[in-house]
Amino acid sequence: DNYYIAGKIDRIVICDDKIYIVDYKTDAKKVEAQKDIPIKYVEQMAYYKEVIKKIYNDYTIKCIIVWTQTPSLCILSDELLNTKTIFKKKESSVY
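Residues numbered from 1 in each chain as written. Predicted model: local features only at pLDDT ≥ 70, side-chain atom pairs only at ≥ 80, totals over all residues. Heavy atoms only, no water.

Peer 1: Would you mind going over the overall build of the protein chain with me for this structure?
Peer 2: Each helix and strand counted, the protein chain has two helices and four strands in total. Secondary structure elements of the protein chain, listed N to C terminal, follow the sequence β-β-α-β-β-α. Considering only intrachain contacts with a sequence separation of at least 6, the fraction spanning at least 24 residues in the protein chain is 64%. Carbon and sulfur atoms provide 51% of the accessible area of the protein chain, an area that totals close to 6900 Å². (Helix = DSSP H or I, 4+ residues; strand = E, 2+ residues; numbered from the N terminus. Contact = heavy atoms within 4.5 Å. Areas by Shrake-Rupley, 256 points an atom, 1.4 Å probe, with all protein chains shown as cover.)

Set out below in structure tokens:
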């Protein structure tokens, strides 16, 4: 399937064999657990990871959300970012 993705990664850090994709969020509410991260943010990071993986396929890619109001950060698990899981949830959800 072909599709277009439009977005802007806030920060990307390339170190040895790892890439860190960082996105800053200004939400005032602190997210205590990954399951509480809004799905739109998880989808956004999953898309970023998918695109970067096509360019840097030999790298381990980690996605991080930095909550600027609290301040805190969350390293998203690979399981959470599994695009098949996200797309499946999105198809079954009503927005």
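Peer 1: Explain the nonpolar core to me, please; I cannot follow it from the model alone.
Peer 2: As a rule of thumb, nonpolar side chains are buried together in soluble globular proteins. The biggest cluster of nonpolar side chains holds 17 residues, and the ones touching the most others in it are Ile21, Ile37, Met45, Ile65, Trp67, Leu76 and Leu81. No other element matches the six residues that helix H1 (residues 39–55) contributes to this core. Contact partners of Trp67, with chain neighbours within four places excluded, come to Lys25, Asp27, Val31, Ile37, Pro38, Tyr41, Ser72, Leu73 and Cys74. (Core = buried A, V, L, I, M, F, W, Y, C linked by side-chain atoms within 4.5 Å. Buried < 20%, exposed > 50% of the residue type's maximum accessible area, 1.4 Å probe, protein only.)

Peer 1: What should I look at first to understand the sheet that holds strand E1 (residues 11–15) in this one?
Peer 2: Paired through backbone hydrogen bonds, the strands of a sheet run either parallel or antiparallel to each other. Strand order in this open sheet of four strands is E1-E2-E3-E4, and the pairing throughout is mixed. Both outer strands of the open sheet, E1 and strand E4 (72–76), are each paired with one neighbouring strand and no more. Strand after strand, the sheet turns through a mean of 20 degrees between neighbouring axes, direction not considered. Bridging between strand E2 (residues 18–25) and strand E3 (residues 60–67) involves eight bridges; their strand directions are parallel. For Lys18, the partnering residue across the bridge sits in E3 and is Thr60. In this fold H1 packs onto E1, E2, E3 and E4, with an angle of close to 150 degrees to the strand it touches most, E2. (Pairing = 2+ DSSP bridges. Axes fitted to C-alpha atoms, helices over the stretch in contact; angles between N-to-C directions.)

Peer 1: Explain the pairing of E1 to me, please; I cannot follow it from the model alone.
Peer 2: Look at any regular strand and the pattern is simple: side chains alternate between the two faces of the sheet. The pairing of E1 with E2 spans five bridges and is antiparallel. Paired with Cys15 across the bridge in E2 is Lys18.

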